[in-house]
Amino acid sequence: MAMIDRRDPARVAQAAVRSAFPAGWRFSAGTPATFAEHAMVVSMSKYASEAGVEIMKAGGNAVDAAVATGFALAVTYPSAGNIGGGGFMTIRMADGRIATLDYREVAPLAATRNMYIGADGKLTNKSTVGYLASGVPGSVAGMAEALKKYGTMPLAIVMAPAIRLAEEGYVTDTGSGGRRGGQCSALIAQFEGKDLFCPGGQALKGGTRFVQSDLARTLKLIAAQGPKAFYEGAIADSLVADEQRGGGIITKEDLRRYVPVWRTPIQSTYRGYTLITMPPSSSGGITMSETLNILENFAPLPPAGSTEYAHLIAEALRRSFTDRNEKLGDPKFVKVPIDALTDKKYARSLAAQIDRGHASKTPAFNVGHEGDNTTHYSVVDASGNAVATTTTLNGGYGAGVWIRGGGFFMNNEMDDFAAQPGTPNMFGLVQGEANAVQPGKRMLSAMSPTIVLDLEGKLLLVTGAAGGPTIITTTMEIILNVIEQHMTLADAMRAPRLHHQALPDQLDYEPNGLTVAVQDSLKAMGHKLGTRGLATANSIMRVSGGLHGVGEPRSGGAAVGY
Ligand code: DON
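Before going into details, it helps to say that this report is about the structure given with it. Keep in mind that what you see is a predicted model, and the values were worked out from it rather than measured.

So, how was this worked out
Residues numbered from 1 in each chain as written. Predicted model: local features only at pLDDT ≥ 70, side-chain atom pairs only at ≥ 80, totals over all residues. Heavy atoms only, no water. Near = heavy atom within 4 Å. Polar contact = N/O pair within 3.5 Å; in protein donor to acceptor, adjacent residues only side chain to side chain. Areas by Shrake-Rupley, 256 points an atom, 1.4 Å probe, with all protein chains shown as cover. Nonpolar A, V, L, I, M, F, W, Y, C, P; charged D, E, K, R; others polar. Helix = DSSP H or I, 4+ residues; strand = E, 2+ residues; numbered from the N terminus. Expected span 1.5 Å × (residues − 1). Contact = heavy atoms within 4.5 Å. Core = buried A, V, L, I, M, F, W, Y, C linked by side-chain atoms within 4.5 Å. Buried < 20%, exposed > 50% of the residue type's maximum accessible area, 1.4 Å probe, protein only.

Another point: the site of the ligand. Around the ligand, the structure places 16 residues, and the nearest of them are Asn373, Thr374, Asp416, Ser445 and Gly468. The contact in question runs from an oxygen atom of the ligand to an N or O atom on the side chain of threonine 374, over 2.5 Å. Serine 445 is positioned such that a nitrogen or oxygen atom in its side chain is 2.7 Å from an oxygen atom of the ligand. Coverage of the ligand by the protein amounts to 99% of the 340 Å² it exposes when considered alone. By residue class, the composition of the shell around the ligand is 4 nonpolar, 7 polar and 5 charged.

Moving on, we get to helix α10 (residues 213-225). Taking 1.5 Å per residue, 13 residues should reach 18 Å; α10 reaches 18 Å between its end C-alpha atoms and fits that length. Packed against the buried residues of α10 are α3 (62-76), α4 (139-150), α5 (155-158), α6 (160-168), α11 (228-231) and α12 (234-246). Of the residues one or two after α10, glycine 226 is the one with positive phi, at around 80 degrees.

Now for the nonpolar core. Ile83 and Leu219 are the most contacted members of the largest nonpolar core, which totals 84 residues. Leaving out residues up to four positions away in the same chain, leucine 219 has contacts with Phe71, Val75, Ile83, Met159, Ala162, Ile163 and Ala166. Counting residues in hydrophobic clusters, the runner-up holds 61 residues, among them Leu312, Ile483, Ala495 and Leu498.

In this section: unusual backbone geometry. Cis geometry marks the peptide bond from proline 280 to serine 281; its omega dihedral reads 25 degrees. Tracing the backbone through its elements, the reader meets serine 281 in the loop between β9 (273-277) and α14 (284-295). A cis amide bond links leucine 503 with the next residue in sequence, proline 504, at an omega value of 0 degrees. Checked against the element boundaries, proline 504 lands in the loop between β15 (498-499) and β16 (507-509). At arginine 271, a position not held by glycine, the phi torsion is positive, near 50 degrees. Relative to the helices and strands, arginine 271 is located in the loop between β8 (266-270) and β9. Positive phi values are uncommon outside glycine, yet tyrosine 397 reaches one of about 60 degrees.

Here you go:
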């Protein structure tokens, strides 16, 4: 077999070894990616990907397109796409400028450390359902800020596709549990969105034209007046009135004070490739970098799917997640040891603790599972500018609260705090004091929008995922699959995924994602195994003559390019 020239990503992709997936695995290797010569958007909604492409065809750059896609997702993927939530954006311009924007929600000023603990001392469900569950939304301010600094078009132009989709409606499909369009649920039915999303008490059928007039009006106000409409104007009025009716604590003052923050990107390397990724208030960049730094000490890594590979992944993640869960929080409130945790020497010391034949034990600090309702999208334009964005309401449809008159769902991001340090949150994560609730503080995230450069510093990969802490592992494994396992992007996205988050002390795999022989060997080494659905990603890779785009094959992501 010809040697793979690792300096040339296009040749790496083309020379990629056809991956061997375990028998019984749900996907076949060798499926083609979507190819585009110039530009590409990959998101969870075809309409939203098309919105971004429409903007690029009209002369917009990748940031213009990302903002168009983001607003469109709020209309066509309302379980996670949002204006009532928050997110993170990683940008690399073709001239080499890099930036990371944090538009995470913040705790309202009236939030208190014990606001989710009942009179009996037990955690209530108020951090997950209803008016008290929401942080102050950051999405509108964040998207407008990204556009102002790196975009080329006015808000009204990039929002036009979203406004059209809300006003004229779009045809729902039943993919992914009917999430693209109105899905009724017990959560939604408790609040104001029930008439629109549950007409006659039923979910909309696939194939229905779904019009959102209130949301169209809201989007038009933002397009005409800028983010002020949301944070100080008529939308703020509706939001605060609704909060007051429902017993929430978000005030006009909270909204007025909200600011997105440009952060210094985490830049780390793995075998000469560069990762540009998200610093706190996301844990994603640090945890991914720490894990990769540990894995770099094992050269080359064993083949994907082998016992040895799964063992090393688990042992590296056990160590990086232990640091994450204990030490990370909003840098405005806690001192985050970014340099120490992403230091190669520190990683070497952690790698030296790994026994190649036996599982180690995670020190006590219990951590559980997260759910699945965030959304990631990747954009590359014809000039090579790249944007990776992950945005969320946290749980599907967030707190369930739908702002009357505003036409949008509010997040339940407050649950990403350690609502009671030491007690699991809605997904089971148990975290420390660094992430306790404090007014004005950002809750720790796992979102990991990431851009990878090749050995010559050229754009290679734009990726990221949804799925709580499995975001970190999925994003990292896609990167490893491409640059270490030499898979095509399509195979890298389809390969079975693994996850370990320190505690529970368990290596998770997707059903049929490990052969029975490998499962037996891992158990014999002392690993406890579990199965779970892992994160959903949307990725773009530069290849010879253009771009490969791959939407999440597990739940129908949509790659659109030209
Ligand atoms: O920011 C975070 O890490 C979580 N709010 C993400 C939640 C999530 O990904 C849920 N599922 N897809």
